[in-house]
Amino acid sequence: MIDRLQSLEDRYNKLSDLLCDPEIASDPKKLREYGKEQSDLEDTVHVFREYKEVVQGLADAKSMLGEKLDDEMRDLVKMEIDELSDREEELRARMTVLLLPKDPLDEKNVIVEIRGAAGGDEAALFAGDLFKMYTAYAERQGWKTETVESSYTELGGFREVVFQIIGKGAYSKLKFESGAHRVQRVPTTDSGGRIHTSTATVAVLPEAEDVEVEIHDKDLRIDTFCSSGPGGQSVNTTQSAVRITHVPTGVSVSCQDEKSQIKNKERAMKVLRARIFEMELRKQQEAAASARKSAVGTGDRSERIRTYNFPQSRVTDHRIGLTLHKLDYILAGDLDEIINTLIQVERTDALKAQNEEE
């Protein structure tokens, strides 16, 4: 492991030299490529450098024990050795995680699709709650959100809402959210006060670049129509809404949230590209799937992943057995504890698989 880390630090230093080279500085493509590579190595190199300092400090402290010291100084040296030994262990564990293969999609923006499922109007209202939860979480992360398409119910919920989250590492944190989310609560429409169970599905798709998904114009059918929805001068007056269908796959995307037909087409194409990209990814994953299944599941939207229980103010993630009694905070976008635990479980699972292979 140490040899591998040393080679990464050598590469990091080489990249620093390259980025200072006037020839590279005048080439935007290489500058961007080398800059990203160095940025990806930065955390690993910083941890490795601290590790080397700790190892050297530990060696120096141990050598001092061979010298003539008074009792007070000897106790201080032993205390320092204990502290440095603990830190060395922490850094080794962290370096092991940093060396795990990274998901190449982790840094991507995402397209999130939320749909009311079982439960009629109550499911649509819950879909609205999930939309607010994710947009609030995105705001906490400093990310930007843009609604692509939405379909409202009379009670104010969503039959469907599609939106983009733009921010570094969005997919790395939100990729675990795909699946069926279940809510247990008394609907406002139930005068009897009975607890109902409803579900909404969430799909988190990594945004795909043009080079990753090849879509030919001849394979697209583009229809325009008048926008519909709550208010606005352009609603039902101009042909600004767009529906794009990819004929070979049958994937269809509508967008009407922008007043401009051009902007609606751009957003619809982003979603279309992401859906086709995800279809190809899923085929590859299924083809390469081993008998081992990760604790965080497959990410299939039909898989029930979480329950939000209002009477007990409880949220349970069924994949990892995590239960938190802070429903209000979670629905307000405080998802860090759940998401960080899911990330840790995925890393533990990956380490286990790596050790089994070795």
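As shown above, the structure is provided for reference.
So, how was this worked out
Residues numbered from 1 in each chain as written. Predicted model: local features only at pLDDT ≥ 70, side-chain atom pairs only at ≥ 80, totals over all residues. Heavy atoms only, no water. Helix = DSSP H or I, 4+ residues; strand = E, 2+ residues; numbered from the N terminus. Buried < 20%, exposed > 50% of the residue type's maximum accessible area, 1.4 Å probe, protein only. Pairing = 2+ DSSP bridges. Axes fitted to C-alpha atoms, helices over the stretch in contact; angles between N-to-C directions. Parallel < 35°, antiparallel > 145°, perpendicular 65-115°, else oblique. Left-handed = near helix turned anticlockwise from the far one by under 90°. Nonpolar A, V, L, I, M, F, W, Y, C, P; charged D, E, K, R; others polar. Phe/Tyr/Trp six-rings, centres within 6.5 Å; stacked < 30°, edge-to-face > 60°.

> How do you make sense of unusual backbone geometry when you look at a structure like this?
Excluding glycine, residues mostly have negative phi values, and the peptide bonds linking residues are mostly trans. For serine 313, which is not glycine, the phi torsion reads 50 degrees and is therefore positive. Mapped onto the fold, serine 313 is located in the loop between β9 (304-309) and β10 (314-317).

> I keep staring at the environment of leucine 19 and nothing clicks. Help me out?
Among the secondary structure elements, leucine 19 is positioned in helix α1 (residues 2-19). Assessed through its relative accessible area of 22%, leucine 19 is described here as partly exposed. With 12 residues separating them along the chain, leucine 19 and leucine 31 place their C-alpha atoms 6.6 Å apart.

> Explanation requested: the pairing of strand β7 (residues 241-246) in the structure shown.
Within a regular beta strand, the side chains point alternately toward one face of the sheet and then the other, so they alternate between its two faces. In terms of residue burial, β7 counts as a mostly covered element, since 5 of its 6 residues are buried. Two strands pair when backbone bridges link them, and strand β6 (residues 220-225) and β7 are joined in this way by 6 bridges, in the antiparallel orientation. Bridge pairing links arginine 221 to threonine 245 in β7. In terms of strand pairing, β7 meets strand β8 (residues 251-255) through 5 bridges, oriented antiparallel. Its bridge partner lying in β8, histidine 246 is registered against valine 251. Counting the residues between successive antiparallel strands, the hairpin from β7 to β8 contains 4 residues, one of them, glycine 250, with a positive phi of roughly 80 degrees.

> Please clarify how the packing of α1 against helix α3 (residues 28-64) should be interpreted in this entry.
The description of two helices packed together rests on the angle between their axes and the distance between the axes. Orientation of α1 relative to α3, taken along the N-to-C sense of each, is 135 degrees, at an axis distance of 8 Å. On the basis of their axis angle, the class for α1 and α3 is oblique. For the element pair α1 and α3, the recorded crossing hand is left-handed. Of the residues in the contact of α1 with α3, the class split is 13 nonpolar, 7 polar and 6 charged.

> I tried to follow the packing of aromatic side chains on my own but got confused; where do I start?
Where two aromatic rings form a pair, the distance of their centres and the angle of their planes describe that pair. A complete count under the given rule lists 4 aromatic pairs for this structure. Here phenylalanine 126 and tyrosine 308 contribute two aromatic rings whose centre-to-centre distance is 5.4 Å and whose plane-to-plane angle is 65 degrees, an arrangement assigned as edge-to-face. Separated by 182 residues along the polypeptide, phenylalanine 126 in helix α5 (residues 120-141) and tyrosine 308 in strand β9 bring together distant segments of the chain. Across this residue pair, the class does not change: phenylalanine 126 and tyrosine 308 are buried. On the numbers, 5.8 Å between centres and 85 degrees between planes, the contact of tyrosine 137 with tryptophan 143 is edge-to-face. Of the two residues, tyrosine 137 and tryptophan 143, neither departs from the other in class, the shared state being buried. Put simply, the rings of Phe131, Phe158 and Phe163 touch in pairs and so form one group of aromatic residues.

> Before we go on, may I ask you to explain the sheet that holds strand β1 (residues 110-116) in this structure?
The strands making up a sheet are joined through hydrogen bonds of the backbone, oriented either antiparallel or parallel. Read across the sheet, 8 strands follow the order β2-β3-β1-β5-β4-β9-β10-β11 without closing on themselves; strand pairing throughout is mixed. Each edge of the open sheet is held by one strand with a lone partner, namely β2 (144-152) and β11 (322-324). Neighbour-to-neighbour, the strand axes of the sheet open up by a mean angle of 15 degrees, direction not taken into account. Summarising the sheet, β1 and strand β3 (residues 158-166) pair through 6 bridges and their orientation is antiparallel. The residue bridging isoleucine 114 from the neighbouring strand is valine 161, located in β3.

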